[in-house]
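Single-letter residue listing:
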Amino acid sequence: MCGTETVIHGKSILLVSAGGIAACKVPDLIRRLREQGKAVRCILTEAGGRFVTPLTLAALSGAPVYQDLFSLKDETEMGHIRLAREADLVVVAPATADLLAKMAHGLADDLASTTLLATDRPILVAPAMNVQMWRHPATQANQAVLAARGVHCVGPACGALACGEEGEGRMAEVPDLLAAIDSLLAPCLSLAGRRALVTSGPTVEAIDPVRYIANRSSGRQGHAIAEALARRGARVTLVSGPTALPDPAGVHTVPVESARAMLAACEAALPVDVAVCAAAVADWRVEHASSHKLKKKAAPPVLSLVPNPDILATLSQPGPRRPALVVGFAAETESLIDNAHRKRLAKGCDWIVANDVSTDVFGGTTNTVHLITASGIAQWPTMTKIAVAEALAERIASALTETRPGEQTC
Ligand code: C5P
């Protein structure tokens, strides 16, 4: 709906590639960027040059590839300050743990890190590394510092890693990189002036100070939706249960634990134009959580459970503070459409995004969803969670544009 193509055509990208096996995706990324009419200049770190050759990148980008901070030829032809300043966007792909650490700490000991320190352009990083390296508190802290400085991030995705391990650390796929690049080059501000509330992640319900009831939600889908809405100009409050994800850039994140705390944070964020409830809220909590650690005795304790407040249903209640559009999620393992239909009516929300979780959706990077509204069902193809978030944000922007103030969407 943004008509971004003409705006984006002719933009220039400075692509900084560090040393990781994900560098094998870089030639395809350059080819696709060039097909879109974008100019690409590449900086290759020394380690990056072990995975992909400068000749390949030069042939595909149609421009020299820069590698050496102290190269007289490179400095006279295109000094590193000019390289840093002439691009419309700097993309770091793959962004290794080492390069993220250098960026976070302001190190400048090679051409890549020096250029990244010298640039005043927006930066997008695409982390790629082993799962333990990504999860390491040092990397997470570096990533948080970069996000707080406004560095944008796409991925990493989850899956089989080149090192043979499984988990988070795969560089985002090329289509996701292209989408993230486009949304930064030509921000489509279709939600400018709008306020959005997104819930994400699991809730954690205490049994005692040590034990709790929780679920497998990673928060990936909700976080991606918050980011997609913010990229379109919305002022977004993300109320999230505990996740391993960094706070999305440009979003006000409110961390919570229990369903009751999530509801209170949501109510404090009102009024909003749209609320998207993607959190996996625990249906029940322990009626009387113990203030001390329960002792292990011969007979296990009997936990009496009481229902948690339904945040989606509460936000959907008619009234002056009801958002114009309320979107819920339905994770189902059987009779997906029927159950999702019933859920939409029972909760009083406008749309339900229904997903079949009988396959490995929790923690995964792709999602197959149906969008259920009062006017029908749309089946979406299997997409990455980032792509689902983008498509949903587009639909939300269209719906809010069509809605007159004070009127609910259908
Ligand atoms: O009832 P069920 O958990 O299947 O409904 C899923 C939808 O309702 C999701 O959008 C979820 O975020 C929301 N929900 C909620 N509060 C609850 C339970 C679910 O907001 N207590």
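Keep in mind that what you see is a predicted model, and the values were worked out from it rather than measured. (Residues numbered from 1 in each chain as written. Predicted model: local features only at pLDDT ≥ 70, side-chain atom pairs only at ≥ 80, totals over all residues. Heavy atoms only, no water.)

## Comments concerning the layout of surface pockets
The line we're drawing: Only protein atoms enter the 1 Å grid used here, on which a cavity is any set of points holding a 1.4 Å probe that cannot leave and a pocket is any open set flanked by protein within 12 Å on both sides along at least five of seven lines; residues with an atom within 4 Å of a point are listed as lining. Grid points are joined across faces, edges and corners, and a volume is the space filled by probe spheres set on the points. The numbering of helices and of strands both runs from the N terminus, where a helix is a DSSP run of H or I of at least 4 residues and a strand a run of E of at least 2. Lys, Arg, Asp and Glu make up the charged group, whereas Ala, Val, Leu, Ile, Met, Phe, Trp, Tyr, Cys and Pro make up the nonpolar group; the residues left over, Gly among them, are polar.
As a volume, the largest pocket reaches approximately 850 Å³. Every residue lining the largest pocket is counted, 38 residues in all, and those nearest its centre are A278, A279, A280, V281 and A331. Taken together, the elements giving at least two residues each to the lining of the largest pocket come down to α12 (220-231), β16 (305-307), α14 (311-316), β17 (325-332) and α15 (336-347). Each residue belonging to the lining of the largest pocket can be placed in one class, and the counts come to 20 nonpolar, twelve polar and six charged. Taken as a whole, the second largest pocket encloses approximately 570 Å³ of empty space.

## A short note on the domain arrangement of the chain
Cut-off, in case you're wondering: Domain ranges listed in this record stem from an automatic or a database domain assignment. In what follows, residue pairs with any heavy atoms lying within 4.5 Å of each other are defined as contacts. When two components associate, each loses some accessible surface as probed by a 1.4 Å sphere; the sum of these losses over both components is called the buried area. Salt bridge, as applied in this entry: a Lys or Arg side-chain nitrogen positioned within 4 Å of an Asp or Glu carboxyl oxygen.
One can read the domain layout of the chain as domain 1 (5-185) and domain 2 (195-402). Taken over C-alpha atoms, the centre of domain 1 sits 32 Å from the centre of domain 2. Of the residues lining the interface, 14 residues belong to domain 1; the matching set on domain 2 comes to 13 residues. In this assembly, domain 1 packs against domain 2 so that about 1,000 Å² is buried in total across both faces, 57% of it on carbon and sulfur atoms. Contact with domain 2 buries surface across domain 1, with C158, E168 and D176 losing the most and accounting together for 37% of the total. Counting across the domain 1 and domain 2 interface gives one salt bridge. In this structure, R220 engages E168 in a salt bridge whose closest nitrogen and oxygen atoms are separated by 3.2 Å.

## Thoughts on the site of the ligand
Heads up, the rule is: Distances are taken per atom, and a residue is near a molecule or strand as soon as one of its heavy atoms is within 4 Å of it. Nitrogen and oxygen atoms within 3.5 Å of one another constitute a polar contact, given that in protein one can donate a hydrogen and the other can accept it, and given that sequence-neighbouring residues count only through two side-chain atoms. What sets the accessible areas is the Shrake-Rupley method with a 1.4 Å probe; for residues, cover comes only from the shown protein chains. Criterion for pocket placement: a molecule counts as inside a cavity or pocket if more than half of its atoms are within 2 Å of its grid points.
Taken together, the neighbourhood of the ligand is formed by C277, A279, V281, D283, P309, D310, I311, L312, G328, F329, K343 and K347. Between the ligand and I311 there is a distance of 3.0 Å, counted from a nitrogen atom to a backbone nitrogen or oxygen. Contact distances for the ligand include 2.9 Å between an oxygen atom and a side-chain N or O atom of K347. Relative to its unbound accessible surface of 450 Å², the ligand loses 85% to contact with the protein. Counting atoms within 2 Å of the grid points, the majority share of the ligand lands in the largest pocket. Mapped by element, the contributors of at least two residues to the shell around the ligand are α14, β17 and α15. For the shell around the ligand, the class distribution of residues is seven nonpolar, one polar and four charged.

## Notes on unusual backbone geometry
In this structure, P94 follows A93 across a cis peptide bond, with omega equal to -5 degrees. In this fold, P94 is placed in strand β4 (residues 89-95). Look at the link from G155 to P156: it is a cis peptide, with omega at 0 degrees. For P156, the position within the fold is in the loop between β6 (152-153) and β7 (157-160).

## Comments concerning the side chain of S17
Under the convention used in this document: To sort residues, take the accessible area from a 1.4 Å probe on protein chains only and compare it with the maximum for the residue type: under 20% means buried, over 50% means exposed, and anything in between is partly exposed.
Assignment of secondary structure puts S17 in strand β1 (residues 12-17). Accessibility expressed as a relative area gives 1% for S17, which makes it buried. Within the structure, S17 has its side chain in polar contact with the backbone oxygen of A93 (distance 2.9 Å). If near-sequence neighbours (up to four positions away) are discounted, S17 is found in contact with V26, I43, L44, T45, G48, A93 and P94.

## Description of the nonpolar core
What tends to happen in soluble globular proteins is that the nonpolar side chains get buried as a cluster. Using the following cut-off: Definition used in this section: a nonpolar core is a set of buried Ala, Val, Leu, Ile, Met, Phe, Trp, Tyr and Cys residues joined via side-chain atoms within 4.5 Å.
In this structure, L229, V236, V276, L392 and I396 are the most contacted members of the largest nonpolar core, which totals 34 residues. Elements that contribute at least two residues to this core include exactly β9 (195-200), α12, β12 (235-240), β14 (274-277), β17, β18 (351-356), β20 (369-373) and α16 (385-402). In terms of residues, this core owes the most to one element, α16, which gives eight residues. Beyond its immediate stretch of four places on either side in the chain, L229 contacts L191, A196, V198, A234, V236, V276, A393 and I396.

## Considerations on the packing of helix α7 (residues 97-105) against helix α10 (residues 137-148)
Where we set the bar: Angles here are taken between N-to-C directions and fall from 0 to 180 degrees, while the axes themselves are lines fitted to C-alpha atoms, restricted in helices to the stretch in contact. In what follows, roughly perpendicular refers to angles from 65 to 115 degrees, roughly parallel to angles under 35, roughly antiparallel to angles over 145, and oblique to any angle outside these ranges. Helix crossings are classified by the rotation of the near helix relative to the far one: an anticlockwise turn of less than a right angle makes the crossing left-handed, while a clockwise turn makes it right-handed.
Axis separation between α7 and α10 bottoms out at 9 Å; the angle between their running directions is 50 degrees. By the criterion of interaxial angle, the relationship of α7 to α10 is oblique. Between α7 and α10 lies a crossing whose hand is left-handed. Along the contact surface, α7 presents A97, L100, A101, M103, A104 and H105, while α10 presents T139, N142, Q143, V145 and L146.

## As for a nonpolar patch on the surface
How we decide: Patch membership requires over 30% relative accessible area and the absence of a salt bridge. Like charges are linked within 9 Å, and nonpolar side chains (Val, Leu, Ile, Met, Phe, Trp, Tyr) within 5 Å.
Taken together, the side chains of W284, L303 and L305 present a nonpolar region at the surface, about 300 Å² in accessible area. Position of W284 among the secondary structure elements: in strand β15 (residues 284-286).

## Re the packing of helix α2 (residues 26-35) against helix α11 (residues 174-185)
Axis separation between α2 and α11 bottoms out at 10 Å; the angle between their running directions is 45 degrees. The orientation of α2 with respect to α11, classified from their angle, is oblique. Like other packed secondary-structure pairs, α2 and α11 cross with a definite hand, here right-handed. Seen from α2, the contacting residues are D28, L29, R32 and L33; seen from α11, they are V174, L177, L178 and I181.

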